[in-house]
Every structure is written in structure tokens, then in C-alpha cells.
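Read off the chains here:
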Amino acid sequence: MNRLLSLLGSLLLTNALHAAELSYNQDIRPILSDNCFYCHGFDPKNRKADLRLDTFEGATANGAIVPGHLSKSEAWNRILSDDPEEVMPPPKSHKKLTSAQKDVLRRWIEGGAKYEPHWAFVPIRRAVPPSVSLADWPMNPIDPFVLARLEREGIAPSPAASKETLLRRVTLDLTGLPPTLRELDAFLSDSSPNAYEAAVDRLLASPHYGEHMALPWLDAARYADTNGYQVDRDREMWPWRDWVIQAFNQNQPFDQFTIEQLAGDLLPNPTLSQRIATGFNRNHMINEEGGIIPEEFLAEYAADRVETTAAVWLGQTFNCCRCHDHKYDPFTQRDFYSLKAFFHNVPEQGAGNRAAKPNASAPPVLKLPVPELDSKKSTLESDLAQLQASRQQILSQPSPGFSSWIQNLRSETVPWERLHFQTVENHGLPTELAEGAVKTGIQVGDDFWSFSAITAPTHGPITAIRLVGEPDGEDATFRIHRFDVTAIHGETQTPLKLRPAEFETSLPIKVIQPLLKTGNRAPHPLRLKSGKRESLVFRLDTPLEAKDLATKLRITVGTRANTGWVRWHVEATSQDPAQLVSTSIFTLAKKPEENRTIHEQKLLKDAYEATLPELRGIDEKILATTQQIEELDLQYPASMVMEEMASPRDTFILVRGAYDKPGEKVFPATPAILPPMPAQFPKNRLGLAEWLVSPEHPLTARVTVNRLWQQFFGSGLVKTSEDFGAQGEAPSHPELLDWLASEFIRTGWDVKQMVRLIVTSATYRQTSHIPTAIGSKDPENRLLARGPRFRLTAETLRDQALALSGLLVPRIGGPPVRPYHPEGIYETLAPTSADTVKRYIQDHGEALYRRTLYTYWKRSIPHPAMLAFGTPFRETCTLQRPRSNTPLQALNLMNDVTYLEASRFLAQRMMTEGGSTVDERLKYGFRMVLSRHPSPTQLAILRAAFDRNLASYKRDPAGASALLANGDRPSDPTLDRQDLAALTTLASTLLCMDETLSKN
Amino acid sequence: MNRVDRKTFLIRATHGLGGIALATLLQPHARAVPPSRETRGLHFPPKAKRILWLTQSGAPSQLDLFDPKPALSPLFNQDLPPSVRGEQRLTGMTAGQKRFPIAPSLFRFSPHGQCGMSLSELLPHTAKWADELCLIRSMHTEAINHDPAMTLLQTGHQIGGRPSFGAWVSYGLGSENDNLPTFVALVSTPSGNVNSQPLHERMWGAGFLPARHQGVRFTPTKDPVLYLNNPPGISRTLRRHQLDDLAKLNALTLSEYHDPETRNRIDQFEMAFRMQAAVPELADLSNEPARTFDAYGPESRKPGTYAANCLMARRLAERGVRFIQLYHRGWDQHGNLPRDIRSQCYDTDQPTAALLAELKERGLLEDTLVIWGGEFGRTTYSQGTLTQDNYGRDHHPRCFSIWMAGAGIQKGHVHGETDDFSYNIVRDPVHIHDLNATALHLLGIEHTRLTHRFQGRDYRLTDVHGEIVKGVLA
């Protein structure tokens, strides 16, 4: 069907109908590419019979094609053959030439088999807009190109759409929101010849323009709020998203827009904003699954950057040449890896860091300044300085205690006594009790597991406790996040106040301290080597006295994601708190003072200070303040950015794309078939970006204006906007495409000006009614004999409803929000054990009514209402969304609380603003939604429906109340409930109308 | 829809495929298309009308369920010979292990049925159906981590973005039921306290195919399909009236714009209305007799369990749903395998057997292809400490087992063989692509011809691979 369609398409769109001269690009290449190039194309490894048909030389060298001589051309004879061994394409390929295609090939060979370079790779040629008969139709240079084509086909353009339709169309197109009645009335009453242009300029200046323009760019850039892959934990990238909105609003020229996103960090003295922009190429997924091989994913991330950059700027499917030379287009595997060399030098890790906070998990990360936090931080820092000063002051006092403390350090070591566990309770963690120790094992999952064990000490007082772990067999990694001890005395349970100690312990205090905090979520890995013990020591603030020893102790250890098995036990000591020091200190104390080095003397002094009760308070404060500063640091919004490593990684061609099969080494270079990068450009991302936007580049401008065209007309001039290669479709209006591309460059890559040009063309302003005769001939509107009409996107549909209801909170930017969402989805699909969001926690208040672009985007579980309307998952670059109609969309529009609440508030506006009679209210609502008055028939349908539903709610007032209870925000209590309910159902009908769901 | 409209619709709404996707293309009017029409354009006479895929997410251990290796017992705690291990890459979870001690299965295998298929004592109920099963012991894949492996199993490619199997089938064959989705997914959470891998919505996604081919997930909540129920305050009568109003208004739009999409939209709202009736009827198990629940086991009375979903799967199959995919999570047994696999088998064994029995009883097994399996296998050596009664197993892509039953499948048959360690395949390897090619073949589709043009390339479920596994066909 597809091939049939493209054939229909090319018959329709090319000169073939007119039996004019055949064009290789338009008529021949699509046939050859689809049917022959796979085996007789660019990729030498795949080439059969050493024959290539993608060049004149190849095709004519051995008589496959003899220009002008059909019967001498072996290729032609093979095409005609009915021998299954001979015929081309071979039956095995499932390809078959139609008789129309054969006819085109026949005429082409007879006419001399002229080849042309692929249209997308030749320089952009600015044609003079053609002359047309309907000379007063064109409104700007776009129109003659379109009209000339229509006149060739003998089709007349459609009349201009009504002002109402046009204003709704262009307002939705430029801002993603419907026009307000005030805007509509102002436009209708403006009879000046430039009224429409003025409206367009107003819309281009709206801050909502940037939000709407950002949407396709976010799809292209695979922007999301989570990392993707299995764990799919949150990430922080919204500052990049806000950068995009601002860039569109400020009308940043597209060349600058390109340079900053690909290489902002490499500009001289890059600004904060330029560095944030580079997040474009950090938007790819990052894998945090346990057990992955980092090299595999480093290769994956860099490949994603290559493929995304090639798709967005070059319109090329580079994913094909990751494993082999391209089958259809002149790109080699070397080209792929030479491009990769530009993107392979980020100081990043292959495996994500699950233990880190979402805003710091994947360096390089840029922290953004927040004045509020800055001032808090400086207060804390000065507190810290003061504390340290007072500590210093205490220490500077003569301390007679020091020498007597040394004198008293008599013992050799701290005597520890083992406490036997009597019972153990596990919370998700496999455990068993063995010889008074707890053996606990592997828990690869990522949840916060724990075990609690009970012991009953027999001696006292207890001044310190230590937790000792040793691997049971193989090496193990135990990721600990919690430790606490509770004294149980009859019914009374008292958590003991513990302080991490600095002696006989395996981890620094700074690391142990957080384990004592309730709710700590940052596990620390303890790497336990086979045959070695690791211990954590805690002092008791108040020793547990002997008399309390009817007490039992419950010791809880929390963990996450372990490998291997570990045996845990606890020990206690009664050592005088002043003598809780490490063995090395005991040894040092014995050494005569004159024999101690300065360093040793300092070690002794530090150990002494750690035992001083008078420093205890201040040390705790210092630790607490330090932690507050660290926590504050994590509150700064952050965005992942690109940076270059001091010495770049080597890049190799990967054999068949396998990360562990490096072949030949390559260096940064642009694809060989395209104009070379000037020598003076740096061989880095900056040079690459400058090369992409150099005026000679044949692709960037074409690809970009084509996507802009697609945004407004639903389909690009090149329909395959993601593929400008041989397998893509040739442009329907090649001269127009080139003219627009050259105009884009000429105006300094001015995006707003290009958008303005498109939406002020007569072509855009046509009505979108499908004249039945043309409809069947050009169902996809490729000839542009009418205006665009298609269903609004998921985002625009919701935004429209919020705007019409008056609920919309139009604030721009900021962290993602979590509007209404069906229950139970995360619970069913999210991992039971990974440290990732397992429940969707819906926001309340304003966050429910923000524009949909700010909705939290979880890659594994995107918002179901969005998925229903065909949004991508944002796992990889998407340049076109498929449009489709499904019953799930209907269910969503009818039953989602989002639309029910919007209907309720639209109804409320109809009641409070629309007038006092039912008809006035219905007319008002209809006009708000569709920017036009209802016809008498439409009004009659609505009126009858209202009367019927009102009667129904009068019979069932509870039903009315139930309907009005949908959604968080209460309705105006002064309004009649049954009227409001009936009108709410009508508002819902208005919001579900095909005309409302469509741009008309 | 008049002739012109339908033709326009065909061209506009699809990027179809040669000849066979007619039913899908005409889906909004599937009622008008007799079922025989669907099969007319198929590449082969179909054996199966539908697929029921019982996906065991997390990767069940072939060594403890399907692939007996009695010769391993004396090798308890001995190192797996490096020559067996070869160059197989290991996950980061066991790559650091100094030893790879062989962990023979704790579970006894014995022959079952006429065919004498050897199955583990963990599967007493499934084992009764041995004579209906075709067990493939020689499955293999490339991926070693869950997400890429599941994505490959579902879409034929490790990286997300391609349509899942069910979406391809919806695209290729369309629906047999006008009131229910073509492709339904049901996800269950295990009853035991085991580690459950996440599932992404894209597992049943349509990829680059139109969204209407995406799997629709049925949940045990008050809305079995998202947004299914009318909200409080909107009765079914009121909804019917509203849809009539909407149809009238949209008909006016259609006569004004002549846009076939408007017609399509009217149809989709109508189908939504029909679903509102059909789905609750489907999900309502209150008329199922007690013996049915007894057959599926105690868990079947709890909504959302694998057992309840198996019962639901039978109801879906009865109603002509084309592709039914169950997902049961919790098979990722890196440690405590003996305990956790028992719990998983408690969840799945009896319900699976009951489902086979019910399909058979109703004659549905004749034209339903049932597939049971996970995304890869598990290692013969223990992850972590090996004891006499406890061990764990890491991910293993080189061999694993799945079984098929039903339409067109050779019954009571074992296909393929692994080495003495269940580490390498020694006979008849079957890649996931081969499995998919075979399943499509049974549906009457030549896998190389079910294609969709995207980004300049004709994509298909089997990528550029796939051989039909003749040995499993009846």
C-alpha cells in the first residue's frame, strides 16, 4: 500500500501526468532507491554482481543501462524477464515494479538515462517566483510557487477562510491557545487592510508563542523529566526546556539557536544561558539499572547524539550507518563514527548514579543561581565560620587535661564484647540467624530494605557500640543507609542517641553521620572483601548503665541493592568514654613526647579533642551546619550540560556497531558527501555547529523550513521531514522549498519572520473545506489547494479546554507539574524495588491548570491522556507525530476529570458572562469555543439538548450535584445547580465537537 | 461512508501495507466486512486467529523449570569450566565474582504425558498438559539487561520506538470484535514479596504505527480501561443523548468540510460508547461459576492477579480479541531462587493450566496460539553464595526455554537442546526473531512482508532477521 501510495503521490505530484521531461530526482530515484539500491547501491559490502545503479558511471559501465538503447540495457531486460531466476527485482525481495513505474523507467532510459545529484545535497537555488495567471491571488512570494503548480494541474485555489476561522486557526497555530472573544471582536472590527498582519504580529509577540513553538522542539530533542530505561528515575532538565521557550520568544536566530545548543560551552566566555542550552544533547536517556556495562551505554549516549543531530539538522537517518554503510544514501559507517568523535568527549559516566539526588546524578551538571538560596547559604556559611572560630578558641585555652589524658591511656585497645542476637526480623531482606550473627544477602532490587535484630546485653555500662560486617564467602557490597538502636524496657522503647566515632571504624564520620538520620535515602556502599571485617562505631551520648540492663536492644540496619552475602554482628564496650580511642592512639600515647613527630602529636591532640565533652556540642553543630549547606546545595535547580574532557576519548569505528568491537580509529569529521568543513573551523562541536549553519550548507535551512511548514500545514513540502535521503519523498514544491531556505538564510535565520511569511501567505489563509472533486485527487492536500485542517495535538487540546474554562494558569516555565492522572498506573507498572517514583502524587491548586507542556514527563509511563493522542515516549528524537483517531481519545475527552472540570467552568462562564437566557448562554459558549456564531440548526440541537438534560437533572438533583463535584475547584455556589449541570453537559459536547478538536 | 470517502480515508489514514491490512484500514467499518474478508488477503492460510502471550517478566530460570540437567548434581559447587563460559559477557552483578560455582537445580524433574516431556516438580499443573505443549529449550537473545531484553522480546529491537508484536498484529489483521480493542494487555503483580521489574507503557506501544494499534491495558480498577466510565452525574442515557447530539453536530461539520477524519471521529465516539458497555460486561466475573475459580486457584478471586488475568484472557479470547498479552512480574531471582520461584509458580502454574483447559474445552485452543516465556534465561552458576538449599542465578541470554501451545503447533514436542550445563545451545537454536516469524506465520502472515515505511526504511517486527521454525509446526 505504501509503495502504491507513494506512486500515486509521485504521479500526482510530478510532471509525469503531463508527459513532460522526466526528472531523475523526482521520478526515477524514488523507483530505483526503493527497488534496486538495497543490493545495487552505495554500500559496497552489500552490493550484488558488483553493480551499482545509484551513479551513471556504475549503471553504464557494464551495460546494465545503455543510455538511449532500451533493448541493449541488461537491467531493462531483467526487469521484463519472466524467469524467476532472472527477473529484477528478485521475487525474494518482495519488491515489484508496477507497469506505471516500468513505463517511467523505459522513457528515462530511452531519453538518455540522465542522472542528477540528489536534490537535497545540491546547493540551495533561489528561484524567481514564477508568473501566474491568477495574478491578484498571491499575497507574498510563497503563493506564486503554490499557484503555478495548481494552475499546471488545472486546479483553482480555495477562497480565503472567514476572518473568524482564520483568527482561530492562526491563534492556535502560533500560541497553542484559542483566541479570546475580546481578541476576536477586535479583529472583526478592524477593517484595515493589515488587520490580519497586525493580529499575527500580536501573536508572535505573545509569550505563549515560545511555549507553543517549543513543543515540536522538545519532541525532537527527546526532552523528558526522567532518565528512561528500567529505573527511569527523575532528572532535572527543565531549565533547558525554559531556555527553549525563551529562545523562541526572543526570536533567537536559528543559527545562534543551533550553535548554543550544540556547542554553547565552547563559545568564548560562555554565558550561563549558553551553557544551559547545551542540554540539548544531554536529553538522551541514561541507564541506572544495576549490572549494566558502562562502556555499552557510553557508546549508546554518543550514538544517540549523532542520530539526533543528524535527524534534526541534516534530515538524515544516520542510525542506518551505525552498523554498516548506508544502504540508500551516500553515508558511510566512517561518517557515523567521525561524527560521533565530536560527541564522545563529555566527562560523563556510562552507568547512571542511582545513589545521587536527581539533580546531581549525571554530571556534568550546571547549578543555577537562586538568590534566595544564595542568601540562606551565606548565612549558614558564616555560622559555620563562627562555630569553627569558637572551637578554635576553646582549644587555644591551655588544656592541662591533655597530658593527664595521655597518662591515663593505659590499656592497649578498647575491649569489645560480642552481643548475641536472639531474634531477627526482616523487612524484605533475606536474613537468617547464625551463631548470634545475622546473615543477610543479595538484594539486587533497589528498595529500602532492612532487618532488625534483638540482643540482650549482660554487662554495663555500655559507652559505645559497633556494627561489624564480614562477607560470607565471596566479596560483597552492602549499601547501607540506616542504623539505629532502640532500648526496649518492658513497654518503653527509647531510641539511643548515637554519635559516629572516629576510631576502629571503616568509614569517615561524615559518611556515617547520615545513617543515623531517620528517612535517610542515600545509601553508602560498604565494600566487604572476602576474609576482612569492616566496622562502624558509635558512641552513646549517655552510657547505658548496668542497672538498666534488663533492657534489650533492637538494632536496625537499612540497606539497598546489595551483592553477595554478609554476616553482621554487634559488639559493645564499657570503656571510659575518655579512652575510646583507636589502637594506634594507645600506641602513640606510650611513645615519649620527645619522640613523637609533629604529625603524631596532632593525631593525639585530635583524638583527645574528640573525647572532650565541652567540644561535643560545638562539633555537633559544625556537623549539622555542614550538612545543611550540603542539603541546600541540592536544592539548587540544575540542568545537565555538555562539556569537553581535557583529553578527548579515542573514537573507533565499531564493528557492526558493537561497543566492544572497536575497529579503526577515527577523528572528528563531517560526512564526506557534504561540503567540507572549512579548515579554519575548530574540529570540535563548535566547528560542527558553525558548519551546519554556514550559508553553503545544503541541508540545515531546507530541513528547518520544511519542519516549520509541517507545523502549520500538517505535512512538510518534503513529507518525510525526518528523511531527506533517497528513501525520503522528493519535495512537492522543490522551488518553493529552496526559495524558503534561501530566504531563511538571507534574513539571518529569522524564525519569527519565516513563521510570519508562512501564516500570512494566501496559501495558508485558504478555507480548509475539501472540495469533493479535489478531495479524492489530493486527499493529503499536497498541492495546497486548500487550507490546513487536522486534529489538534494532545497538548493543545488540553490547553484549549483550560483556556476556554478560564482555569488556565498562564505562568511560564519552572519545574514540571503533576495534574490529574488516573490512579493505579504507577503502582502496577513501576518497579517494586527500585528507588524511583512508584506513585503518581498529584498536585493541587494552580499546578492542576498549567499548560500541558509543563506536565511531568515520565518516559516509561507518560501521562495516559497524552499517549492516547499519540505523543511519543520521548525516548528518542521524534520529528513527526502520527495522527490517529481512537476510541480511547473519545473516552478521555468525555470522562477525564480534566475536561469535566473545564466543562463545568466553561458552563459557569456561559452563565455569568453569556447573558440571562439559555439561548444567549449557548451562543456565547459556542462562540467562545469556535470563534464563530452557531447556525440556527446548531443552536437548535444545543437548545434541545439543554432542555432535555435540564429536565433530567431536575428529576435527579443528586446527579447534578455529582456532576458538579468533578474536579478540585468548587463552582460558584450562587449559581443554580441544575442549570449549571445541564450547561456543563453542553459545554462538554462543545469541547468534544470535531470542529473544536480540529484546526479548521 | 460513500465510495469516494472510503477511498480517501484509506489513503489518508494509513501508511498501509500491501494487500493485507484491509481489515484494519476499514476498522471503523469492520462490521461491514465479513470475517472471511480478512483471511482473503493473507499470505498463508492461517492456523491461528489470535495470540495469547503469557509473558513472564524478569526471566524465569530454565534450569529449575524446563531444562533438566541431572548430570550437574555431582558438580555441586564446582566451577563452571571456562571453556563452557566462553566469551559470554556478564552483567555487572556477577562480573566481579571470583568463582562461578555450579548450582544444580534443587527441583526434581520427571517425564509427563504420553510424550514423556521432562518438567520440573514446580509445574505440577502445567505438566498435565505436556501432551499439548511444544517446549523450546533452545531460545536465545543478545540482551543481558531487563529493559533491552524485554524491548527486544516485545518489538524485535533492543531500543524502544518500534511497534510491539500486538500492534503489528492489529495493524496487519485488524479486529474481530467491533466493541473491544484489538490488542489488550494485562499486568499482574506477584503475590510473594519478590523483586518485580518495571514495565514500560511502550511494551505494548504502537511505536511508529498509528496510535490506534497500541495495546489497551485492562486494569482491575473501576475503570478497566482508562477513562471508561461515565463520571458521576452522567447516566448512560444522558451519554447516549449526548453522543446523538454530537453526531448531529459533527454531521453538519462533515457536510461543510467533507473531511473523512470527521467521519472517522464520529465512528470512534460510537466505538467508545460500545466499549463502555462491552468492557464492563467482559470484566464482570460474577457469572463465572465457582468451579471456574476453583480451577484457576485461590488467587483468581483477587482482581489483578495472574490467575484473575488468565480467566480474563479466556473471556477476551472468547470475544475475539486478536492479541492478548499477560505480563507477570517477579522472576528476577538473583538470590533466594528456591524460595521465590516457588512463590512465582504458585502464582502462575495452576492458572496457566486452567486457561489451557478452558480454551481446549471451548474449542478455542484450535485457533489460539499460546506462548509462555520470559526475556532471557538464568545462569547455571550461582550468583552470590551457594548453599545446599539456596542459590541465586544471574541473567543468561545464551539459552532459555519457552513453550507454545494451540493453533498449528506440534503437540507434546521438545525442540532444541542445550549443553550439559544449560549454558550453550547444542541443537536447533531459536532466536526471538525466529519465534516471532513463526508466530506470524501461524497467523497467516509472511513476516518479511508485514512492513511499515518509517524514516525511509521498511520496518518489520523481525527487523532484518527471522526464520520460521519448521520443527515446532504441526
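Being a predicted model, the structure only gives us computed values, none of them experimental.

Q: I'd love a proper account of the overall build of chain B, names of residues and values included.
A: In terms of helices and strands, chain B carries 14 helices and 17 strands. With the C-alpha coordinates aligned to their principal axes, the bounding extent of chain B is approximately 80 × 50 × 45 Å. Residue burial in chain B is summarised as follows: out of 474 residues, 62% are buried. Sequence separation of at least 24 residues holds for 75% of the intrachain contacts in chain B that already meet a minimum separation of 6.

Q: Go over the overall build of chain A with me, naming the residues and quoting the values.
A: A tally of helices and strands in chain A yields 38 helices and 19 strands. Taking the principal axes of its C-alpha atoms as reference, chain A extends roughly 110 × 85 × 55 Å. Sorting the 1000 residues of chain A into buried and exposed places 50% on the buried side. Contacts spanning at least 24 positions in sequence make up 73% of the contacts within chain A whose residues lie at least 6 apart.

Q: Can you lay out the confidence of the model for chain B for me, pointing to particular residues and giving the numbers?
A: Residue and element names in this part refer to chain B. Predicted confidence across chain B gives a mean pLDDT of 88, with 91% of residues reaching 70 or more. Overall, residues 1-40 carries pLDDT values under 50, and its contacts beyond four positions in sequence, including any with other chains, amount to 71 contacts. Overall fold confidence (pTM) sits at 0.83, and the ipTM for the predicted complex is 0.83.

Q: Go over the interface of chain A and chain B with me, naming the residues and quoting the values.
A: Interfaces are often sized by the amount of accessible area the parts lose when they come together. Across the boundary between the two partners, chain A contributes 96 residues, which contact 89 residues of chain B. The residue makeup of the side of chain A that touches chain B, split by class, is 37 nonpolar, 43 polar and 16 charged.

Q: Run through the pairing of strand 9 (residues 377-382) of chain B, naming residues and quoting values.
A: Residue and element names in this part refer to chain B. The element strand 9 is largely enclosed, with a buried count of six among its six residues. As paired elements, strand 9 and strand 10 (residues 393-396) share three bridges and run antiparallel to each other. Within strand 10, the position partnered with R378 by the bridge is H395.

Q: Which residues make up helix 20 (residues 583-590) of chain A, and what are the values?
A: Residue and element names in this part refer to chain A. Regarding helix 20, the residues found buried are I585, L588 and A589. All buried residues of helix 20 fall inside an arc of 100 degrees around its axis, so they share one side. Buried-residue contacts for helix 20 involve helix 18 (400-408) and helix 21 (598-611).

Q: Lay out the confidence of the model for chain A with the relevant residues and their values.
A: Across chain A, pLDDT averages 89, with 95% of residues at or above 70. Contacts for the low-pLDDT stretch residues 1-19 of chain A, under 50 throughout, to residues beyond four places or in other chains number 33 contacts.

Q: Describe unusual backbone geometry, listing the residues and the values that go with them.
A: Residue and element names in this part refer to chain A. Here the amide bond leading from M88 into P89 is cis, since omega sits at -10 degrees, within 30 degrees of zero. Following the sequence through the fold, P89 ends up in the loop between helix 5 (74-80) and helix 6 (99-110). Note the cis peptide between P363 and P364, where omega equals 0 degrees. Looking at the element boundaries, P364 is found in the loop between helix 16 (333-343) and strand 1 (365-367).

Q: Which residues make up the domain arrangement of chain A, and what are the values?
A: Looking at chain A, the domain boundaries give domain 1 (2-110), domain 2 (415-574) and domain 3 (895-999). One C-alpha centre belongs to domain 1 of chain A, the other to domain 3 of chain A, and the line joining them spans 60 Å.

Q: Any chance you could break down the packing of helix 15 (residues 294-314) of chain A against helix 16 of chain A for me, citing the residues and the numbers?
A: Residue and element names in this part refer to chain A. As a packed pair, helix 15 and helix 16 sit with axes 9 Å apart at the nearest point and diverge in direction by 110 degrees. In terms of orientation, helix 15 lies roughly perpendicular with respect to helix 16. Across the interface between the two elements, A302, A303, R305, V306 and A310 of helix 15 pack against F336, L339, K340 and F343 of helix 16. Partitioned by chemical class, the residues of the contact of helix 15 with helix 16 number seven nonpolar, no polar and two charged.

Q: Can you tell me about the pairing of strand 4 (residues 133-140) of chain B, naming the residues and giving the values?
A: Residues and elements named next belong to chain B. In terms of residue burial, strand 4 counts as a mostly covered element, since eight of its eight residues are buried. Where strand 4 lies against strand 11 (residues 400-406), five bridges are found, and the strand directions are antiparallel. Looking across to strand 11, one finds that I136 is bridged to I402. Pairing of strand 4 with strand 12 (residues 413-415) involves three bridges; the strand directions are parallel. Along strand 12, the bridge assignment pairs C134 with H413. Sheet topology note: the strand 4/strand 15 (residues 430-431) ladder contains two bridges and is parallel.

Q: Please set out the environment of L339 of chain A residue by residue, giving values where relevant.
A: All names here are of chain A. Mapped onto the fold, L339 is located in helix 16. Between the C-alpha atom of L339 and that of V655, which follows or precedes it by 316 residues, the distance is 16 Å. Residues in contact with L339, not counting those within four places in the same chain, are V306 and A310.

Q: Which residues make up the nonpolar core, and what are the values?
A: Ranked by size, the top nonpolar core spans 186 residues in total, and within it A313, L369 and I371 of chain B carry the most contacts. Among all residues touching L369 of chain B, those that are not within four sequence positions of it are A48, I51, M404, G406, A407, I409, A439 and L442 of chain B. Ranked by size, the runner-up nonpolar core spans 123 residues in total, among them I142, A247, I745 and V751 of chain A.

Q: Before we move on, can you summarise helix 32 (residues 887-895) of chain A with the specific residues and values?
A: Of all nine residues in helix 32 of chain A, nine are buried, a share of seventy percent or more. Looking only at helix 32 of chain A, the buried set comprises P887, L888, Q889, A890, L891, N892, L893, M894 and N895 of chain A. Residues of helix 32 of chain A that are buried in the fold lie against helix 31 (864-868), helix 33 (897-913) and helix 37 (977-992) of chain A together with strand 6 (216-218) and helix 10 (260-283) of chain B.

Q: Which residues make up the environment of E361 of chain B, and what values do they have?
A: Residues and elements named next belong to chain B. Here E361 shows up in helix 13 (residues 337-361). Among the residues examined, E361 registers 10 C-beta atoms within 10 Å and is labelled exposed. Note: C-alpha distance between E361 and G471 (110 residues apart in sequence) is 26 Å.

Conventions and cut-offs
- Residues numbered from 1 in each chain as written.
- Chains lettered and ligands numbered in written order.
- Predicted model: local features only at pLDDT ≥ 70, side-chain atom pairs only at ≥ 80, totals over all residues.
- Helix = DSSP H or I, 4+ residues; strand = E, 2+ residues; numbered from the N terminus.
- Buried ≥ 20, exposed ≤ 12 C-beta atoms within 10 Å, placed from the backbone.
- Contact = placed C-beta atoms within 7 Å.
- pLDDT = per-residue confidence, 0-100.
- Nonpolar A, V, L, I, M, F, W, Y, C, P; charged D, E, K, R; others polar.
- Pairing = 2+ DSSP bridges.
- Arc of directions from axis to C-beta.
- Domains from an automatic or database assignment.
- Axes fitted to C-alpha atoms, helices over the stretch in contact; angles between N-to-C directions.
- Parallel < 35°, antiparallel > 145°, perpendicular 65-115°, else oblique.
- Core = buried A, V, L, I, M, F, W, Y, C linked by C-beta atoms within 7 Å.

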